[in-house]
Amino acid sequence: MLKAIGYAAQTAQTPLAPFAFERREPGPHDVQIEILYCGVCHSDLHTARNEWQNTVFPTVPGHEIIGRVIKVGEHVKNFKVGEMAGVGCLVDSCQHCPSCAEDLEQYCENGFTGTYNAEDKHSGGVTYGGYANNIVVNQKFVLHISDKLDPASAAPLLCAGITTYSPLRHWNVSKGHKVGIVGLGGLGHMGVKIAHAMGAHVVLFTTSPDKKQDALRLGADEVVISKDEQQMAEHANSFDFILNTVAAPHNLDNFLNLLKRDGTMTLVGAPAESHPSPNVFNLIMKRRTLAGSLIGGIKETQEMLDFCAEHGITSDIELIPIQDINLAYERMLKSDVKYRFVIDMASLTKEQSAA
Ligand code: NAP
Ligand code: ZN
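Here is what the cut-offs are and how they apply
Residues numbered from 1 in each chain as written. Chains lettered and ligands numbered in written order. Predicted model: local features only at pLDDT ≥ 70, side-chain atom pairs only at ≥ 80, totals over all residues. Heavy atoms only, no water. Buried < 20%, exposed > 50% of the residue type's maximum accessible area, 1.4 Å probe, protein only. Helix = DSSP H or I, 4+ residues; strand = E, 2+ residues; numbered from the N terminus. Pairing = 2+ DSSP bridges. Axes fitted to C-alpha atoms, helices over the stretch in contact; angles between N-to-C directions. Contact = heavy atoms within 4.5 Å. Donors = N, O, S within 2.8 Å, 3.2 Å for Na, K, Ca; no water. Near = heavy atom within 4 Å. Polar contact = N/O pair within 3.5 Å; in protein donor to acceptor, adjacent residues only side chain to side chain. Areas by Shrake-Rupley, 256 points an atom, 1.4 Å probe, with all protein chains shown as cover. Nonpolar A, V, L, I, M, F, W, Y, C, P; charged D, E, K, R; others polar. Domains from an automatic or database assignment. Parallel < 35°, antiparallel > 145°, perpendicular 65-115°, else oblique. Left-handed = near helix turned anticlockwise from the far one by under 90°. UniProt positions renumbered as here; feature names shortened; annotations may be inferred. Core = buried A, V, L, I, M, F, W, Y, C linked by side-chain atoms within 4.5 Å. Buried area = accessible area lost by both parts, 1.4 Å probe. Salt bridge = Lys/Arg side-chain N within 4 Å of Asp/Glu carboxyl O. Expected span 1.5 Å × (residues − 1).

### Here we look at the pairing of strand 3 (residues 30-39)
Here's step 1: Of all the 10 residues making up strand 3, eight are buried; the element is thus mostly covered by neighbouring parts of the structure.
Here's step 2: Where strand 3 lies against strand 8 (residues 134-138), five bridges are found, and the strand directions are antiparallel. For V31, the partnering residue across the bridge sits in strand 8 and is V137.
Here's step 3: Where strand 3 and strand 4 (residues 65-72) come together, seven bridges link them in antiparallel fashion. Note that in strand 4 the partner of V31 across the bridge is V72.
Here's step 4: The pairing of strand 3 with strand 17 (residues 340-344) spans three bridges and is classified as antiparallel. Within strand 17, the residue paired with C38 across the bridge is I343.

Dropping the structure here:
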């Protein structure tokens, strides 16, 4: 077995702390990656605190992983030792159901294997994520990272990037569309950048007035303070598409009212407690759609990474040592993230020398 060290939550109430564990040795189809950077997603916090009530402890979160390939199995042809590689939210799926056949492994009908907190088919235990020094992943779930992308600020593309890119693509966002992005956090700021690059007229909705200038710099054409009823009313019935990234329950009608006839609002935020049900008339009177979307498949994740390399898009990050992860979680809860924390895994060497 391969020795690994990372940070884990031992219970929902305890802070993350150093944790030594083992991974499988790379098999013939596996890629072993030395992790250099890992983004901090709000889903990591939901999991570490068991907010979705499905966490198996101890848990090592992290699914925005970038690192260097240090070993490949004999059947691995597409990755070479020394190259930069990425791992997102998925590390396995059945590969034969209709969804997998359409490159939509995130909707695998037999259940995909998440990068952390999922049943590990190899060990019989649970998968451990990227808040660690290494990871071993089947080559089908490893992504190529262009040299054009700065590796630390590209890490969040692996979840925040694909989770926003996929619905924007699926609902055909393009030039001339009026698109709303709700929430300027990790997902939201990627949504702003990507929708802008797709040519849309982007309106950012925020509860934090102090984020206005940043939103405009990131690519929003307009910023609306969502608590201001007057500002909201000015946009009634005008949006083609709204992407809602908010991590807390809130009144969806405030945003559904802003959709045109036949407009769609897609939820990607996954709060522990669901939103109150919207008013049915807000949907039926204008044939509006309320939808949801889960990350993206591997093929589309590579497409998104290539799109971002081509358009010079990465995340705006705050690089932190892993020892600051608990503080980062507290700041994330206060919407005080500009706009994604990324862990510099070099900071783990302190723990390694202590182990
Ligand atoms: P984040 O960085 O914490 O950003 C969430 C943003 O939502 C905040 O910055 C804030 O923006 C807004 N917000 C927070 N609390 C709010 C409240 N009470 N009312 C209104 N707005 C509020 O989180 P993230 O990493 O982007 O993740 C967002 C959500 O998406 C999480 O629930 C996460 O689990 C989920 N997620 C889903 C998928 C998927 O595949 N569907 C993938 C990844 C993550 P403002 O300050 O601008 O208002
Ligand atoms: Zn995530």
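### Some points on the sheet that holds strand 10 (residues 178-182)
Here's step 1: Pairing is parallel across the open sheet formed by six strands, whose spatial order is 12-11-10-13-14-15. Of all strands in the sheet, those with a lone pairing partner are strand 12 (222-225) and strand 15 (289-292), marking the two edges. Geometrically, the sheet is characterised by an average inter-axis angle of 20° between neighbouring strands, direction not taken into account.
Here's step 2: Where strand 13 (residues 239-244) lies against strand 14 (residues 259-267), five bridges are found, and the strand directions are parallel. Bridged to N244 within strand 14 is L267.
Here's step 3: In this fold helix 4 (residues 160-170) packs onto strand 10, strand 13 and strand 14, with an angle of close to 155° to the strand it touches most, strand 13.

### Focus: the coordination of the zinc ion (ligand 2)
Here's step 1: Protein coordination at the zinc ion (ligand 2) comes from C41 (SG), H63 (NE2) and C159 (SG), with a distance range of 2.0 to 2.2 Å.
Here's step 2: Written as a sequence motif, the donor residues of the zinc ion (ligand 2) are C-x21-H-x95-C. Taken together, the residues span a long stretch of sequence, with C41 in the loop between strand 3 and helix 1 (42-48) and C159 in the loop between helix 3 (151-154) and helix 4 at a distance of 118 residues. As far as burial versus exposure is concerned, C41 and C159 are alike and both buried.

### What to know about the site of ligand 1
Here's step 1: With respect to spatial proximity, 29 residues lie near ligand 1, and among them T206, T207, S208, K211 and R340 are the closest.
Here's step 2: T207 is positioned such that a nitrogen or oxygen atom in its side chain is 2.6 Å from an oxygen atom of ligand 1.
Here's step 3: A distance of 2.9 Å separates an oxygen atom of ligand 1 from a polar atom in the backbone of A270.
Here's step 4: Calculation on ligand 1 without its partners gives an accessible area of 920 Å², and the protein chains cover 88% of this total.
Here's step 5: Counting residues per element, the shell around ligand 1 draws most heavily on helix 1, at three residues.
Here's step 6: A class-by-class count of the residues in the shell around ligand 1 yields 13 nonpolar, 14 polar and two charged.
Here's step 7: Here the shell around ligand 1 spans two domains, and each of domain 1 (2-159 + 316-354) and domain 2 (160-292) adds at least three residues to it.

### As for the packing of helix 4 against helix 5 (residues 186-197)
Here's step 1: The N-to-C vectors of helix 4 and helix 5 enclose an angle of 50°; their axes lie 8 Å apart at closest approach. One finds that helix 4 runs oblique with respect to helix 5. In this structure, helix 4 meets helix 5 at a crossing whose hand is right-handed. Within the contact between the two elements, helix 4 uses A160, G161, T163, T164, Y165 and L168 and helix 5 uses G186, L187, M190, G191, I194 and A195.

### Things to note about the UniProt feature "domain: Enoyl reductase (ER)" (unreviewed entry) in the protein
Here's step 1: Under the UniProt annotation, the feature "domain: Enoyl reductase (ER)" (unreviewed entry) is placed at residues 13-343.
Here's step 2: The span residues 13-343 shows a helical share of 25% and a strand share of 25%, and its end C-alpha atoms are spaced 22 Å apart.

### Considerations on the nonpolar core
Generally speaking, a soluble globular protein has its nonpolar side chains buried in company with each other.
Here's step 1: Counting 91 residues, the largest nonpolar core has Y131, L168, I325 and Y329 as the members making the most contacts within it.
Here's step 2: It is helix 10 (residues 298-311) that contributes the most residues to this core, six residues altogether.
Here's step 3: Each of two domains, domain 1 (2-159 + 316-354) and domain 2 (160-292), supplies a minimum of three residues to this core.
Here's step 4: Sequence-distant contacts of I325, defined by excluding residues within four places in its chain, comprise Y7, L16, V40, Y131, I320 and I343.
Here's step 5: Counting residues in each nonpolar core, the second largest holds 14 residues, with F205, I242, L258 and M265 among its members.

### Topic: the domain arrangement of the protein
Here's step 1: Along its sequence, the protein is organised into domain 1 (2-159 + 316-354) and domain 2 (160-292).
Here's step 2: Put simply, the middle of domain 1 and the middle of domain 2, counted by C-alpha atoms, are 28 Å apart.
Here's step 3: Contact residues are listed per partner, giving 14 residues for domain 1 and 21 residues for domain 2.
Here's step 4: Carbon and sulfur atoms supply 49% of the area that domain 1 and domain 2 bury against each other, a total of about 1,400 Å² over both sides.
Here's step 5: Area buried by domain 1 at its contact with domain 2 is led by C159, D316 and Y339, which between them contribute 44% of it.
Here's step 6: The tally of links from domain 1 across to domain 2 stands at two salt bridges.
Here's step 7: R217 serves as the salt-bridge partner of D316, at 3.0 Å between the closest nitrogen and oxygen.

### Details of helix 5
Here's step 1: With 12 residues, helix 5 extends 17 Å from end C-alpha to end C-alpha; this agrees with the ideal 16 Å at 1.5 Å per step.
Here's step 2: In terms of burial, helix 5 is a largely internal element, 10 of the 12 residues being buried.
Here's step 3: Buried residues of helix 5: G186, L187, G188, H189, M190, G191, V192, K193, I194 and A195, and no others.
Here's step 4: Turning to helix 5, the residues buried within the fold contact helix 4, strand 10, strand 11 (201-206), helix 6 (212-218), helix 10 and strand 17.
Here's step 5: Just downstream of helix 5 lies G199, where phi reads positive at about 100°.

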